[in-house]
Amino acid sequence: HTRVWQSTLGPLRTSAGAVTVRPIRSRDGAIWSELRTRNEKTLVPWEPTGIGSWVQRHHRSQWGPLYSALKSEARRGTVLPYVIELDGQYVGQLTVGNIQRGAVRSAWIGYWIDSDHFGGGIATAAVALGVDHCFGRVGLHRLDATVQPANEASQAVLKKVGFRTEGLLERYMDVDSRWRDHLLFALTVEDLPGTAVEALVRSGRASY
Ligand code: ACO
């Protein structure tokens, strides 16, 4: 699995344009910093609490160490760190983490999109591409996604791809400086009759 994270997924057409999911790059620092800084208000309510201010944590100089850490985890096969592109432009990130092998073969999936591009079906297309990669080449059987009950847009994304709710994880994660309940969404290989992308295309939400 040293190279499996380097796959590029897509493109898949949505109403917003062509969505591609590709590995993070060392030269993503400037755009990562710009978008994360500009999207502070839409990201803070949903993202893990960090040390230091949002602006400090997303200074351009922080990308180097973050990129290196993600890349070494990716090489070990525990993380798939991706950028979501719309018509070739960086518009967000998709990350698969805590990849477990053996008899569990599961991971979590998470994502964010620049608010300038909300509602175009980009996250849904990216998650579908990520799911098919995880259940295909990566060889996983189950994906989890944890979402706060108030995050309706993210729940809509997961439902469109076929994720089910399995319950409420009480005081699950430290987000925006409080322990927040999260809904546990999950998807296993058995839930999908074909691929997630095929189902999205069939539902008219994306095309090849
Ligand atoms: N209430 C109900 N539904 C909503 C709302 C709302 N307030 N806002 C948007 N939606 C729906 C849209 O109508 C759309 O569904 P539809 O196609 O059935 O109409 C759906 O949410 C959004 O689908 P996409 O367009 O594919 O998603 P988008 O590209 O806009 O990205 C995302 C969604 C990633 C959640 C974006 O809003 C975002 O980045 N938010 C901030 C970060 C975040 O919350 N990330 C997810 C954390 S949870 C996790 O990673 C598992």
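Further up the page is the structure itself.
A brief report on the enclosed structure follows. Values in this document were obtained by computation on a predicted structure and should not be read as measured data.

Counting buried positions along strand E3 (residues 80–86) yields seven of seven residues, so the element is predominantly enclosed. Of the two faces of E3, both are covered, the one formed by Leu80, Tyr82, Ile84 and Leu86 as well as the one formed by Pro81, Val83 and Glu85. In this structure, strand E2 (residues 18–23) lies alongside E3, joined through five bridges in antiparallel fashion. Each bridged residue has a counterpart across the sheet, and for valine 19 the counterpart in E3 is leucine 86. In the sheet, E3 pairs with strand E4 (residues 89–100) via seven bridges, with the strands oriented antiparallel.

Next up on the list: the packing of helix H5 (residues 122–135) against helix H6 (residues 152–161). For the pair H5 and H6, interaxial distance at closest approach is 9 Å and the crossing angle is 50°. With respect to their mutual orientation, H5 and H6 come out oblique. Here H5 runs over H6; the crossing is right-handed. Across the interface between the two elements, Ala123, Thr124, Val127, Ala128 and Val131 from H5 touch Val157, Lys160 and Val161 from H6. In terms of residue class, the contact of H5 with H6 is built from six nonpolar, one polar and one charged.

What follows covers the site of the ligand. What surrounds the ligand is a group of 25 residues, the closest being Gly119, Gly121, Thr124, Asn151 and Lys160. Glycine 120 places a polar main-chain atom, nitrogen or oxygen, 3.4 Å from an oxygen atom of the ligand. The separation between an oxygen atom of the ligand and a polar side-chain atom of asparagine 151 is 2.8 Å. Of all the secondary-structure elements, those providing two or more residues to the shell around the ligand are helix H2 (40–43), strand E5 (106–113), H5, strand E6 (142–147) and H6.

Conventions used here
- Residues numbered from 1 in each chain as written.
- Predicted model: local features only at pLDDT ≥ 70, side-chain atom pairs only at ≥ 80, totals over all residues.
- Heavy atoms only, no water.
- Buried < 20%, exposed > 50% of the residue type's maximum accessible area, 1.4 Å probe, protein only.
- Helix = DSSP H or I, 4+ residues; strand = E, 2+ residues; numbered from the N terminus.
- Pairing = 2+ DSSP bridges.
- Axes fitted to C-alpha atoms, helices over the stretch in contact; angles between N-to-C directions.
- Parallel < 35°, antiparallel > 145°, perpendicular 65-115°, else oblique.
- Left-handed = near helix turned anticlockwise from the far one by under 90°.
- Contact = heavy atoms within 4.5 Å.
- Nonpolar A, V, L, I, M, F, W, Y, C, P; charged D, E, K, R; others polar.
- Near = heavy atom within 4 Å.
- Polar contact = N/O pair within 3.5 Å; in protein donor to acceptor, adjacent residues only side chain to side chain.

So far we have only geometry, and geometry alone does not tell us how the molecule works.
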